[in-house]
Each structure stands twice: as structure tokens, then as C-alpha cells.
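Tertiary structure, described
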Amino acid sequence: MTRSLAWDESTIVAVDQCALPHNYRELRLRTVDEVIDAIKRLAIRGAPAIGVAGALAVALSAEQHTSDGVCDETAVRADARRIAEARPTAVNLSWAVDRVLQHLPQGAAAVLAEAQRILSEDEERNRAAADHAAELVLRLCGDRPLRLLTHCNTGRLATVAWGTALGTIRALHERGRVEEVLFGETRPLLQGARLTAWELAEIGVDHRMLVDSAGPAALAAGMVDAVLVGADRVCANGDVANKIGTYSLALAAKAAGVPFIVVAPVSTLDPALLSGADIVIEQRAATEVTTLGDTLVAPRGTPAYNPAFDVTPAHLVTAVVTEDGIHQPSGHNLAETAGQLYARGWMEGTAGNVSVRVDADTALITASGVSKGAMTSQDVVRVRITDSTPVGPGRPSAETSIHNAIYATFPDAGAVVHAHPPYATAVAALAARDGTDVVEFAGLEIIKGLGLADAVSVPVFENHADVPRIAADVAARLTADAPPVLLIGSHGATTWGPTLESARNRMESLETLCRLRLLIDR
Ligand code: MRU
């Protein structure tokens, strides 16, 4: 089979990942208990694959608990709970189970149809994520054959097809951009040695296996251009749970200045968990550590610590890439950026506000009335872009409507920063005093910091007391080709960009432009 999972007449067919690399054989699973057992034994493994298997298992349960056209929903929900609990760390499992359960009131056929949709979406989503990640890697490392390091198995076996981090390696290999792949054996269950080695040979890319503890040494020795890994859960603050051993690679990548990129479908994101401290890490049997295959390698009865996953904090992750592109930072990063701007004296008191787009319809923005110096990842509010109303608890910034006018006008805007840096505010105040609605800058190198060539016309807006009026002016005046910066007379500046980092950098560049203007012209 080319797909690692399929549905065949009331049977779940899966590649038996316990039998590889020596035997490539199918498992045919006909009961919920068989599926749960296959997931627990890691015969079916990898976050996206266990999500799909979980969804199909609920479909199996719904079929088996239907008689005379009536489905015993209570029994199916009880099975669904057991399926979702088979492994706790990968959010894809509970995500997929919850998704198919929504169709349970429509009967077993509707549940199966939804499970099959999840199955067929998986390949295209991973492929899209892998393509985005491949582009990012080439952008960060240069368009040339690269030496890549990966961990565990994130290939076609860990998904329905194609893979995530290994799918990215596959995409780069197709473009002739892989010199060599290094990968850790992935103790204790050897997903690297057994599965990734097998897939890399199948793809036909040059590869070498490392003991896990050699990964950081290879990074320190300059043998790696980029690290690519998958994920089991990505929190709202960007912390990532993945196979044990990932964290040490991230630390070593940071120390070596090597990009550390996480590739995962959106179904691996868990916006409900604020940080990695909240992730349940699966603990497995000590015998997996004390044995190698069937051989005992430690004195009988040696106790062991065997977490299946670790958490890599967001600050060590260069980017999380999904099928939608680079995953935007959210709660924690908003608070952190606001705190940095406060420390510079650009968000004095409770002033200033920062937001990131979550999706086409909503954004996360800093809460109203909170000092940016004391802000935490809890002090953010999700708002609807169309009308600035909050989705969920909290009081959003009083200037939310200006952010949303920008998101609505610029589909590529992923983040907006509004601050009161002194020179930009002074230039805005002078423009207001002079009755000017545009400030021209030309011939200064720092203009490039706005992502522009060597001249920019920065629009100046009137500072109405009624903030939605400012937002309405922004929406009416700006067109999609406007520069990513604006001034509000006697008030401050607003900048935006694809990421929060780029929006913040543009604010810094705009402030320098205004400082230079005042030094040169006044
Ligand atoms: O215990 P496993 O083998 O299921 O762990 C798998 C991983 O940690 C993978 O990196 C992750 O699930 C992503 S698979 C595309």
C-alpha cells in the first residue's frame, strides 16, 4: 500500500510499523480494542497517523453499535473516550476523535465520511506544510544542497502519506537541495533507525544514522545546516512537544546558530494550552529503556525514567510551519513583544497594543488597561476582525478597530504593532500641527528596514477621540499597495508585517527614520 492507513470494508488497514524495517506488512484491524492496542504498541504511530486511526476507530465503533438503523451513541462515546486516551501527548488523536464525534447524531455513515475526509486531507496538508517548510529552509540557509538533521520518524509512515519534517526533506530532495540527512536512532523504540532509515533509503537520499547523543555534537561540529522535526502538540505560546531528544537538539541548534524548524499540520496546534508546562507527557515502561530489542542491557530490575516526549520552549524554535505557512506567535509572544517595547519606553503606562492574526476571521490582541511591563500570555483577547467584538473572555485593547482595519485591508498582514516611540510621535505631532497628511522619507538606508527600496510616503491620520473613526479613515484611505507603516497625528505610530517580529522591526526602523529626520531637517 502507498498510504500507511486505509479503510477497507469495515476494516482499518495499516502498515505494521513494529514489523519494519525487516518486514513490510499490513495490519487488518476489525475492533476498537485492536486499534487501541496498535496505537499503544506503536504499530500505528506518529501524531497525524494516530489521529486518522483514532477517527477511523470511532467510525468502526459507530458501525458496530448500530442495529436496525439506530446507533447507540452512549456506547460509541465511551469507545471514543478510550480511543482518545490511548496516547495522551499528540493532540491530533483527541482532535480527530472530537471532529468525527460531531457527526455522530447523523449516524455511522456520517462518522465514517468525516473520518475518510480526515484521512484524505492528511496527505495534502502535510504536502503543503512540507512545501512551505522547504521554501523557508532555502530562504534561511541559501538555495543550495543542504545538510539536514532530523529525529524520530515523521515520514509517510507517521502520517497517511508524504510526511511532515521528512516530507520537507522529500520536497527538498525533489528540488536537488539535499546533500545529506543525519538522523538520530531515537531510543528507546528506534523510530529513527527502523523507520526513518527505511524511508530515506526508499526516497533515495544520502543519509547517515547517529546515536541520539551525537546529534548535538554534529551541530557543534558545523555538520548541519538546518534541523527539521515534527511535533505532537504546539501550545499557544509556541512551546513544542515532540519525541524525547528533540529538546537537546534544539538547545544545540541554538548554540550553533542553526535554524530549528518544526513541521506539523494545523491539527497539531493546541491553542487551548497556553504553555508546554500544561502538556501531559506520556511515560512508558522502564523495560523499553533497559532492553535493546529482546536483549536486557541493564541489570535486571534497573529502574528507568522513560518519557516518550519532551518540550522544546518556543524561544529555541526558529519557526513552526504548517500547511498555512509559518505559524504566527500568539499569547506569549504578544506579551513578550509588548514587554520589550515597554522597556524601550514606547508603551508607557498601559498605552500601546500589539496583535497577531489567528486566521482569516480572528486576531489575538493585548488586553485593555494592562501595563505592558507586567503583561503575561494570559493578558490577550481573541477578537473578530469584522466587528472587533471579543471571542471569549477579556476586554480587548481600545484600539482594536485600527488593527482590524489593517488586517481587513492587507490579507498578508500577520501582526500589527501600535506604539508611541518619541521621535515618530513628534513627527506625527509636527505633521498634525502643519496640517500635513503624508510624511515623505527618501535616501536613508534604514528605509530598507520597512521592506521598501529607498523612498516612502508615510500616511498621517487625524487623531479622532472616537477610535473607530480613525479605523474607518484607515480602511477608507489605505490600499493594498500602501507601505506597512502609518502615523496618527499627536498620537503615535502603527506598523505591520507578516510576523510580529517584522512588525516590531518596522516600528524600530520607522522610529529611526523619524529621529534622523528631526536631526537632519529641524
Ligand atoms: O512515539 P511516536 O513515534 O509516535 O512519536 C512520534 C513523534 O514524536 C513525531 O515526531 C511526531 O509525532 C510527528 S510525526 C509526523
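Note that this is a predicted model, so its numbers are computed, not measured.

**Here's the deal with the overall build of the protein chain**
- Along the protein chain, the regular secondary structure elements total 15 helices and 26 strands.
- For the protein chain, whose C-alpha radius of gyration is 26 Å, the value lies close to the compact-globule estimate of 24 Å for 522 residues.
- Looking at the protein chain as a whole, 57% of its 522 residues qualify as buried.
- The long-range share in the protein chain, meaning contacts at least 24 apart out of those at least 6 apart in sequence, stands at 69%.
- Roughly 21100 Å² of accessible area belongs to the protein chain as shown, and the carbon and sulfur atoms make up 52% of that amount.
- In the protein chain, 45 side chains carry a positive charge and 62 a negative one; their mean positions are 3 Å apart.

**Things to note about the pattern of salt bridges**
- Applying the stated criterion across every chain yields a total of 29 salt bridges.
- Two residues, E282 and R87, come together in a salt bridge whose shortest N-O distance is 2.8 Å. Taken as a pair, E282 in the loop between β13 (269-270) and α10 (287-290) and R87 in the loop between α3 (73-84) and α4 (91-101) lie far apart in primary sequence, 195 residues in all. Residues E282 and R87 agree in their burial class; the two are buried.
- For E114, the salt bridge goes to R117, with nearest N and O atoms at 2.4 Å. Of this pair, E114 and R117 both sit in helix α5 (residues 108-141), three residues apart, roughly one helical turn.

**Topic: the sheet that holds strand β11 (residues 240-243)**
- Overall, mixed pairing links the four strands, which are arranged β13-β10-β11-β16 in an open sheet. Unpaired on one side and paired on the other, β13 and β16 (309-312) mark the two borders of the sheet.
- Of the pairings in the sheet, the one linking β11 to β16 comprises four bridges and is antiparallel in character. Residue pairing across strands places A241 opposite V311, the latter belonging to β16.
- Set on the sheet, helix α9 (residues 246-256) makes contact with β11 and β16; between it and β16 the angle comes to about 30°.

**What to know about helix α12 (residues 400-409)**
- Most of α12 sits out of view: nine of its ten residues are buried.
- Restricting attention to buried positions, one finds in α12 the residues T400, S401, I402, H403, N404, A405, I406, Y407 and T409.

**A word on the environment of V391**
- Topologically, V391 is positioned in the loop between β21 (380-384) and α12.
- With 312 residues separating them along the chain, V391 and D79 place their C-alpha atoms 32 Å apart.
- Once you skip the residues sitting within four places of it in the chain, V391 turns out to touch T362, R382, V383 and R384.

**Focus: the domain arrangement of the protein chain**
- By domain assignment, the protein chain separates into domain 1 (5-121), domain 2 (123-325) and domain 3 (328-521).
- Each of domain 2 and domain 3 has a C-alpha centre, and these two points are 36 Å apart.

**Focus on the site of the ligand**
- Not every one of the 17 residues close to the ligand is listed here, only the nearest: R45, R87, Q191, N242 and K243.
- Separating an oxygen atom of the ligand from a side-chain N or O atom of R45 is a distance of 2.4 Å.
- Residue Q191 places a side-chain N or O atom 2.8 Å away from an oxygen atom belonging to the ligand.
- Burial of the ligand by the protein amounts to 99% of the accessible area it has alone, namely 410 Å².
- At the level of elements, α2 (47-64) and β11 are the ones that each hand at least two residues to the shell around the ligand.
- A per-class count over the shell around the ligand returns seven nonpolar, six polar and four charged.
- Counting the residues that make up the shell around the ligand, at least three belong to each of domain 1 (5-121) and domain 2 (123-325).

What counts, and where the lines are drawn
- Residues numbered from 1 in each chain as written.
- Predicted model: local features only at pLDDT ≥ 70, side-chain atom pairs only at ≥ 80, totals over all residues.
- Heavy atoms only, no water.
- Helix = DSSP H or I, 4+ residues; strand = E, 2+ residues; numbered from the N terminus.
- Rg over C-alpha atoms; globule rule 2.2 N^0.38 Å.
- Buried < 20%, exposed > 50% of the residue type's maximum accessible area, 1.4 Å probe, protein only.
- Contact = heavy atoms within 4.5 Å.
- Areas by Shrake-Rupley, 256 points an atom, 1.4 Å probe, with all protein chains shown as cover.
- Lys, Arg positive; Asp, Glu negative; His and termini not counted.
- Charge placed at Lys NZ, Arg CZ, Asp CG, Glu CD.
- Salt bridge = Lys/Arg side-chain N within 4 Å of Asp/Glu carboxyl O.
- Pairing = 2+ DSSP bridges.
- Axes fitted to C-alpha atoms, helices over the stretch in contact; angles between N-to-C directions.
- Domains from an automatic or database assignment.
- Near = heavy atom within 4 Å.
- Polar contact = N/O pair within 3.5 Å; in protein donor to acceptor, adjacent residues only side chain to side chain.
- Nonpolar A, V, L, I, M, F, W, Y, C, P; charged D, E, K, R; others polar.

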